[in-house]
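Inside the fold
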Amino acid sequence: MENNFQFAERMATIQPSFIREILKAADNESVISFAGGLPNAEYFPEQALAELASRILTERPQDVLQYGQSEGETELRQHICDQYRQRHRVDVPVENILITNGSQQAFDLIGKVLLDEGDKVIIESPGYLGAIQSLMIYRPQFLPVPIGQNGLNLDAFETALSADPKLVYSVPNFQNPTGFSYNAETREAMANLIRDKSCLIIEDDPYGEIRFEGEAEPSFYHYLPEQTLLLGSFSKIIAPGLRLGWMVAPSPVMQKLIVAKQAADLHTSRLSQHLILAFLKDERFEPHIRRLCKAYEQRCRLMGEKLDELFAGEVLRSHPQGGMFMWLAFAKNIDTMELFREASRLGMVFVPGQPFYTNQGGSHCARLNFSCASPAQIDRGLALLHQAFRTISIISP
Ligand SMILES: Cc1ncc(COP(=O)(O)O)c(C=O)c1O
């Protein structure tokens, strides 16, 4: 039967994600993949979670199986406040925290509450596709600003701000896709430029706790509590399948967000919330984080050393101090889509740079994920990448 469905106009510009297509190609045991953005499943704390889930369901079934409040469980929100105070020395009032189904839901709620068609949103270029795609449903106009190893380009940022955007989207720690982190000067300068404008900054920070080198810089929330939407997530440090994250928002925005959250799904799973809270308070949590950071550090270092050895002088790469991604920039004449095709023919995949840009750019760049592959796969996968690079360099000198 002919498909005559009339889809909503807002879906007209939404494309299926190219990365999903790549992940399908990588869903084959013989392919070495640096393409995904997943945490390493070997490090899920499954045993602790199984024990804690059983305890919660035995001890307080009527709480966790009943409907709950849209803001989220008070005990979990309080724990998040305590962590901000103890670890980051920022005071976040508990009533300014909303529990979400991961940061991905936070993007959607922010779009619903704040964006009308044509509103301007500053995004990092290259930037995180999941956020861009989610906000795109609300049909804003994106203003891409280049990101470098110390954060957004401040001149370009100032120019974009003069167009009066409603939102700025940033991932200041171990950015996806580049692994870059904003230094303190850039954060402060951006905060000073935004201050007193009617503009909010989304500070998306799912990777901040996966730091294996260097010191944490102050959050935008530290400079601009009244204009920051600070997003956190348990996906990368515990398990993404539990779909749990949170958002800190100024009171007037929070009121609207709660209404939008209620309309979307009433509330986030109470079992997930209590399970995560129990693990956060468990003595196994801190050792778990240390083990995770150590494993990612080892993989990141190995990937960097191997790239430097194989590609000496032929590629520039980022030097992430945490997170899950490394960014490569080849000479401008290297087309990484072509490199991707050749590499996948040989049995390894990565994500070419282009899909991370909403305008032109990135055709000579690539994102490599280092959290999932084993050390042996990193060794073999990069050897295959180098072989593919040699082949395409000969074809297009
Ligand atoms: C920068 C960034 N923000 C948000 C998310 C989504 O996280 P969540 O699982 O909390 O929805 C991801 C996931 O890869 C990410 O890389």
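About the thresholds
Residues numbered from 1 in each chain as written. Predicted model: local features only at pLDDT ≥ 70, side-chain atom pairs only at ≥ 80, totals over all residues. Buried ≥ 20, exposed ≤ 12 C-beta atoms within 10 Å, placed from the backbone. Helix = DSSP H or I, 4+ residues; strand = E, 2+ residues; numbered from the N terminus. Arc of directions from axis to C-beta. Pairing = 2+ DSSP bridges. Axes fitted to C-alpha atoms, helices over the stretch in contact; angles between N-to-C directions. Parallel < 35°, antiparallel > 145°, perpendicular 65-115°, else oblique. Left-handed = near helix turned anticlockwise from the far one by under 90°. Contact = placed C-beta atoms within 7 Å. Domains from an automatic or database assignment. Nonpolar A, V, L, I, M, F, W, Y, C, P; charged D, E, K, R; others polar. Core = buried A, V, L, I, M, F, W, Y, C linked by C-beta atoms within 7 Å. Near = placed C-beta within 6 Å.

Considering helix 8 (residues 184-194)
Taken as a whole, helix 8 has its buried residues at Thr-186, Arg-187, Met-190 and Ile-194. Each buried residue of helix 8 sits inside an arc of 100 degrees when the element is viewed along its axis, so together they form one side. Along helix 8, the residues that are exposed and aim more than 90 degrees away from the buried face are Glu-185 and Asn-192. Phi turns positive one or two residues past the end of helix 8, at Asp-196, with a value near 75 degrees.

Some details on the pairing of strand 8 (residues 228-233)
The buried fraction of strand 8 is high, at six of six residues. Neither face of strand 8 is open: one carries Thr-228, Leu-230 and Gly-232, the other Leu-229, Leu-231 and Ser-233, and all of them are buried. Relative to strand 9 (residues 245-248), strand 8 is paired through four bridges, and the arrangement is antiparallel. Directly across from Leu-230, in strand 9, lies its bridge partner Val-248.

Observations regarding the sheet that holds strand 11 (residues 325-330)
Within the open sheet, the four strands sit side by side as 10-11-14-13. Their pairing is antiparallel. The two strands at the open ends of the sheet, each matched to only one other strand, are strand 10 (315-317) and strand 13 (351-352). Strand direction decides the pairing type here: strand 13 and strand 14 (residues 365-369), joined by two bridges, are antiparallel. What sits directly across from Val-351, in strand 14, is Arg-367.

Section: unusual backbone geometry
Between Ser-125 and Pro-126 the backbone carries a cis peptide bond, its omega angle lying at 5 degrees. Cis geometry marks the peptide bond from Asn-176 to Pro-177, where omega comes out at 20 degrees. One non-glycine residue, Arg-89, adopts positive backbone phi at about 55 degrees. Of note, Phe-174 is a non-glycine position whose phi angle comes to about 50 degrees, a positive value. With respect to the element layout, Phe-174 can be found in the loop between strand 6 (167-170) and helix 8.

Details of the packing of helix 5 (residues 102-114) against helix 6 (residues 129-136)
Remark: helix 5 packs on helix 6, axes separated minimally by 8 Å, with the N-to-C direction vectors making an angle of 30 degrees. As the angle between them shows, helix 5 and helix 6 are arranged roughly parallel. Crossing geometry of helix 5 relative to helix 6 is assigned as right-handed. Residues Gln-104, Phe-107, Asp-108 and Gly-111 of helix 5 form the contact with helix 6, whose own contacting residues are Gly-130, Ala-131, Ser-134 and Leu-135.

Topic: the packing of helix 5 against helix 10 (residues 251-265)
Taken N-terminus to C-terminus, the directions of helix 5 and helix 10 make an angle of 115 degrees; their axes are 9 Å apart at the nearest point. Looking at the two axes, helix 5 sits roughly perpendicular to helix 10. Considering the relative orientation of helix 5 and helix 10, their crossing is right-handed. Here Leu-109, Lys-112 and Val-113 of helix 5 come into contact with helix 10, specifically with Val-253, Lys-256, Leu-257, Ala-260, Lys-261 and Ala-264.

Thoughts on the domain arrangement of the protein
With domains assigned, the protein is organised as domain 1 (14-45 + 286-395) and domain 2 (46-281). Between domain 1 and domain 2, the residue contacts involve 30 residues of the former and 38 residues of the latter. Mapped onto the side of domain 1 that touches domain 2, the elements with two or more residues apiece are helix 12 (285-310) and strand 11. Tallying contributions element by element places helix 12 first for the side of domain 1 that touches domain 2, with five residues. Its residues placed into classes, the side of domain 1 that touches domain 2 shows 17 nonpolar, eleven polar and two charged.

A short note on the environment of Leu-244
The topology assignment puts Leu-244 in the loop between strand 8 and strand 9. If sequence neighbours within four positions are ignored, Leu-244 has contacts with Gly-102, Phe-234, Thr-268, Ser-272, Gln-273 and Ile-276.

A closer look at the nonpolar core
Core analysis: the largest hydrophobic core is formed by 102 residues, its most contacted members being Ile-202, Leu-229, Met-247, Ile-276, Phe-350 and Leu-368. Here this core gets six residues from one element, more than from any other, and that element is helix 14 (residues 375-395). Here this core spans two domains, and each of domain 1 (14-45 + 286-395) and domain 2 (46-281) adds at least three residues to it. In contact with Met-247, not counting residues within four places along its chain, are Leu-98, Thr-100, Ala-106, Leu-229, Leu-231 and Leu-257.

Describing the sheet that holds strand 8
With mixed pairing, eight strands are arranged side by side in an open sheet as 2-9-8-7-6-3-4-5. With partners counted over all chains shown, the strands left at the sheet margins are strand 2 (97-100) and strand 5 (151-152), one partner each. Pairing of strand 2 with strand 9 involves four bridges; the strand directions are antiparallel. Note on strand 9: the bridge partner recorded for Thr-100 is Gly-245. Against the sheet, helix 10 contacts strand 2, strand 8 and strand 9, and its axis sits at roughly 25 degrees relative to strand 2.

Structural notes on the site of the ligand
Neighbouring the ligand are 14 residues; Gly-102, Ser-103, Gln-104, Ser-233 and Ser-235 lie closest to it. Among the elements that line the shell around the ligand, the one with the most residues is helix 5, at three residues. Looking at the shell around the ligand, its residues break down into four nonpolar, nine polar and one charged.

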